[in-house]
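# Reading the structure
So the chains spell out like this:
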Amino acid sequence: MDGGQPIPSPLVPLGNASSDSSMSLEQKTTFVFVVLLFIFLGILIVRCFRILLDPYRSMPTSTWADGLEGLEKGQFDHALA
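Bear in mind the structure is a predicted one, so any value in this text is a computation, not a measurement.

Criteria and cut-off values
Residues numbered from 1 in each chain as written. Predicted model: local features only at pLDDT ≥ 70, side-chain atom pairs only at ≥ 80, totals over all residues. Heavy atoms only, no water. Helix = DSSP H or I, 4+ residues; strand = E, 2+ residues; numbered from the N terminus. Buried < 20%, exposed > 50% of the residue type's maximum accessible area, 1.4 Å probe, protein only. UniProt positions renumbered as here; feature names shortened; annotations may be inferred. Salt bridge = Lys/Arg side-chain N within 4 Å of Asp/Glu carboxyl O. Patch = residues over 30% accessible without salt bridge, like charges linked within 9 Å, V, L, I, M, F, W, Y side chains within 5 Å. Areas by Shrake-Rupley, 256 points an atom, 1.4 Å probe, with all protein chains shown as cover.

## Looking at the overall build of the protein chain
- When its secondary structure is counted, the protein chain shows one helix and zero strands.
- Taking all 81 residues of the protein chain together, 1% fall into the buried category.

The structure is reproduced here in structure tokens:
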């Protein structure tokens, strides 16, 4: 590069560094909403990875056939009728 001058980037605002005064109320609301969506996405990703790493920890200790009275595990045909 010649002259050693920094190349202006479109992501970095020039002049005053405080971008809060240049954002409208609608832009601030949208920014907060997007940040909340990213936080929610991060929580869901962490939860999914925890389930993938240890899937049996989140299951209840009772078996699925405990609530059925008089039915064996293979009889599904007459359970709903």
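Next, the rest of the story.
## Some details on the UniProt feature "transmembrane region" (unreviewed entry) in the protein chain
- Under the UniProt annotation, "transmembrane region" (unreviewed entry) lies at residues 31–53.
- With 100% helix and 0% strand, residues 31–53 has its two end C-alpha atoms placed 33 Å apart.

## Digging into the pattern of salt bridges
- Within the structure shown, the criterion is met by one salt bridge.
- Measuring nitrogen to oxygen at the nearest pair gives 3.5 Å for the salt bridge that ties Asp 54 to Arg 57.
- Among the residues examined, Arg 57 registers a relative accessible area of 48% and is labelled partly exposed.

## Quick notes on a nonpolar patch on the surface
- Judged by side-chain polarity, Phe 33, Val 34, Leu 37, Phe 38, Leu 41, Ile 45, Phe 49 and Leu 52 come together as a nonpolar surface patch covering roughly 830 Å² of accessible area.
- For Leu 37, a relative accessible area of 43% gives the class partly exposed.

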